[in-house]
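# Chain and residue survey
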Amino acid sequence: MTSQQLRSEFLNFFEKKGHKIVPSFSLLPTDPSVLFTTAGMQQFKEYFLGKKSPYGDKVASCQKCFRTSDIEEVGDDAHLTFLEMLGNFSFGGYFKEEAIKFAYEFLINNLQLPISQLTVTVFGGDNEVPRDEESVKIWEKLGFSEKNGNLRFCGRADNFWGPTGEEGPCGPTTEIHIRGIEVWNLVFNEYFQDKNKKLTPLKQKGVDTGMGLERLAMTAQDKSSVFEIDLFTPLTGMINNQDEKAKRIIADHIKGAVFLISEGILPSNVEQGYVLRRILRRAIQYGKSVDLTSLARKVVEIYEDIYPELKSRETDILSVIEKEKEKFGEALKIGINTTASEIAKGDLDGETAFRLYQSHGFPLELIKEEAKKAGRVVDEEGFYAAQKKHQEVSRAGAEKKFKGGLADDGAEAVKYHTATHLLLAALREVLGPEIYQKGSNITAERLRFDFNYPQKMTDGQIKEIETLVNQKIREDLLVEMKEMSKDKALKIAKVSFDPEKYGEVVKVYQIGDFSIELCGGPHVGRTSELGVFKIIKEESSSAGIRRIRAISLGHATSK
Ligand code: GLY
């Protein structure tokens, strides 16, 4: 069976069993305490906690997932960063008996897998949660028991799942392994775990299952690794002259990158953007002689029928990959030279390693490799300590600088004011450095921004600018103000209006290393205080001047 047949076989099976089929949610979850959607249940989290589900109490889906926890494992037979998760869910409807029987019926009757290939695990109990005797009894009726050698008990680490994020539903699980590989996880949500890891029984019991499509395909297609299934062979077939592990890493990471970029994520040094940068740079590094653009195109082709957003954003996807390749090339050149001269002096302390990382975008992994070649070591703990210190210092700076004052200036208007700086920087990046601000008007509800540009912007350009501004909001950049002489400011900052109207000492606002402008303020302390940026109109204002109207939707998804 092809992967596509497996997807539809699964969804049809559960539809016939009375489940509503719900489309995949975005890879960017609404829960700000997690970076990515890692499981099918995330979009249903509150229905497990008693909120009424608009889809009824039984649903099934095929969910796009991205897992950073497995990055180091990618290259073995079974681990991936991007994967698709098939799942059926019950919110206070059926429980253990039906869930186990559905799974058995689907695998044995529908897919006709030999029962001899299946083994199961059940939660063995600990001092907080009892052994799951109910599941044992159900499995026994189906021919699985310790005595038969096809049922094992496991502890918390293996057979207890959730919550995703800081708190939420969780519970004991029973897992189905096919030929020794864990394929389907059936979670019985019986508890709520709070921020202090305290468990309380849930009033409403739920079922949350997750089956990796790639692992299922691997067994259904009789392959010994997920990289041999039909969702990977078109990719691995294009990667020549690489050892098997490198091939797998390149294929996985390019696929992951394509999906992340399709969600509007851009490479950066924080959060989702950092993960994207990391997998992209790893793919570039392993695949120096590989045509990554063609590989990315192939990913779009493989998935476009299921996830049409890939095709509609293909141009953006390819250009982000190309740009990151260039940036990485430059960073590598500078980074290798600077690292080499630091290494020549001896082992690398944490501060120095962090400086190389921070100022040259040179990844810690590469710093370690370069050091190793020269027989030196890197103080990794020191590196992380320096990174933490850096984050704390910038946060404290922001709090001090922006305490008070905001309410007087209207907090919403202040946010829009900062958004105009991000907008101008994004316009200059996308349309060119010749763009200047020609005027702006801000209320608590929206911003209006005029700039010089000779023609109507395309939908693609508008989207690209929106994406870039939102990326910078999510990056949680520090907004810093410095006072300096007008002469100095005019040399380093972008000028919005005629310089004549400024005094001799001026304020300059800098947002990360993305924007720098002469401005009187006030502004927010960090970009994550802004909501999601949306351009609602682009029109002509006068000859050669365009006007953008934009609004902010709720709060940003970042921490
Ligand atoms: N939500 C179950 C799993 O991801 O395994």
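Residues numbered from 1 in each chain as written. Predicted model: local features only at pLDDT ≥ 70, side-chain atom pairs only at ≥ 80, totals over all residues. Heavy atoms only, no water.

With an unreviewed UniProt entry as reference, the protein is termed alanine--tRNA ligase. Under the UniProt heading Sequence similarities (unreviewed entry), the note attached to the protein is "Belongs to the class-II aminoacyl-tRNA synthetase family." (UniProt positions renumbered as here; feature names shortened; annotations may be inferred.)

## Observations regarding the pairing of strand β16 (residues 545-553)
As paired strands, strand β11 (residues 447-452) and β16 are joined by six bridges and run antiparallel to one another. The residue bridging F449 from the neighbouring strand is I548, located in β16. Both strand β15 (residues 532-542) and β16 contribute to a ladder of nine bridges, which runs antiparallel. Paired with F533 across the two strands is S552, which belongs to β16. The hairpin formed by β15 and β16 contains two residues between the paired strands, and G544 there has a positive phi angle of roughly 75°. (Pairing = 2+ DSSP bridges. Helix = DSSP H or I, 4+ residues; strand = E, 2+ residues; numbered from the N terminus.)

## Focus: unusual backbone geometry
Residue G162 is joined to P163 through a cis peptide bond whose omega torsion reads -5°. Turning to its location among the elements, P163 is positioned in the loop between β6 (160-161) and β7 (168-178). In this model, Q112 sits at a positive phi of 55°, which is unusual for a non-glycine residue. Its place among the elements puts Q112 in the loop between α3 (96-110) and β4 (118-123). In the Ramachandran plot, D222 falls in the positive-phi region, its phi being about 60° despite a non-glycine side chain. For D222, the position within the fold is in the loop between α6 (213-220) and α7 (233-236).

## Some details on the pattern of salt bridges
Per the counting criterion, the structure on display carries 36 salt bridges. What you see here is one network of salt bridges that share partners, running through K96, D132, E134 and E190. (Salt bridge = Lys/Arg side-chain N within 4 Å of Asp/Glu carboxyl O.)

## A few points about the nonpolar core
Core analysis: the biggest nonpolar cluster contains 149 residues, and L107, W184 and L427 have the highest contact counts within it. Of all hydrophobic cores here, the second largest spans seven residues; its members include A493, V506, I516 and L518. (Core = buried A, V, L, I, M, F, W, Y, C linked by side-chain atoms within 4.5 Å. Buried < 20%, exposed > 50% of the residue type's maximum accessible area, 1.4 Å probe, protein only.)

## Section: the sheet that holds β16
If you trace the four strands from one edge of the open sheet to the other, you get β10-β11-β16-β15, paired in antiparallel fashion. Lying at the two open borders of the sheet, with one neighbouring strand each, are β10 (437-442) and β15. Each neighbouring strand pair of the sheet contributes to a mean axis angle of 20°, computed without reference to strand direction. The strands touched by helix α16 (residues 411-431) within the sheet are β10, β11, β15 and β16, with β11 carrying the most contacts at an inclination of about 30°. (Axes fitted to C-alpha atoms, helices over the stretch in contact; angles between N-to-C directions. Contact = heavy atoms within 4.5 Å.)

## Here's the deal with the site of the ligand
The environment of the ligand is formed by A39, R67, M85, W161, N185, V187 and D208. Residue N185 places a side-chain N or O atom 2.9 Å away from an oxygen atom belonging to the ligand. Side-chain polar atom of D208 to a nitrogen atom of the ligand: 2.9 Å apart, as the coordinates give it. Compared with its free state, where it exposes 200 Å², the ligand has 95% of that area covered by protein. The cavity that encloses the ligand is the second largest pocket. Taken together, the residues of the shell around the ligand sort by class into four nonpolar, one polar and two charged. (Near = heavy atom within 4 Å. Polar contact = N/O pair within 3.5 Å; in protein donor to acceptor, adjacent residues only side chain to side chain. Areas by Shrake-Rupley, 256 points an atom, 1.4 Å probe, with all protein chains shown as cover. 1 Å grid on protein atoms, 1.4 Å probe; cavity = no way out; pocket = protein on both sides within 12 Å on 5 of 7 lines; lining within 4 Å. Sits in = over half its atoms within 2 Å of the grid points. Nonpolar A, V, L, I, M, F, W, Y, C, P; charged D, E, K, R; others polar.)

## Focus: the sheet that holds strand β13 (residues 505-511)
Read from one edge of the open sheet, three strands run β12-β13-β14, paired in antiparallel fashion. Of all strands in the sheet, those bounded by a partner on one side alone are β12 (479-485) and β14 (515-518). In this sheet, adjacent strand axes meet at a mean angle of 25° when their direction is disregarded. Pairing of β12 with β13, which is carried by seven bridges, proceeds in the antiparallel orientation. Bridge pairing links V479 to I511 in β13.

## Concerning the environment of D132
Topologically, D132 is positioned in the loop between β4 and α4 (133-141). Residue D132 is classed as buried on the basis of its relative accessible area of 3%. For D132 and T174, which are 42 residues apart along the polypeptide, the C-alpha to C-alpha distance reads 8.9 Å. Separated by 2.9 Å, the side chains of D132 and K96 make a polar contact.

## Here's the deal with the packing of helix α12 (residues 314-345) against helix α14 (residues 364-373)
In the contact formed by α12 and α14, the axes pass within 10 Å of each other and the chain directions differ by 45°. The angle between α12 and α14 falls in the class oblique. Both α12 and α14 take part in a crossing whose hand is right-handed. Where α12 approaches α14, its residues F328, L332, I336, T339 and I343 are matched on the opposing element by L366, I367, E370 and A371. Here the contact of α12 with α14 is built from residues that sort into seven nonpolar, one polar and one charged. (Parallel < 35°, antiparallel > 145°, perpendicular 65-115°, else oblique. Left-handed = near helix turned anticlockwise from the far one by under 90°.)

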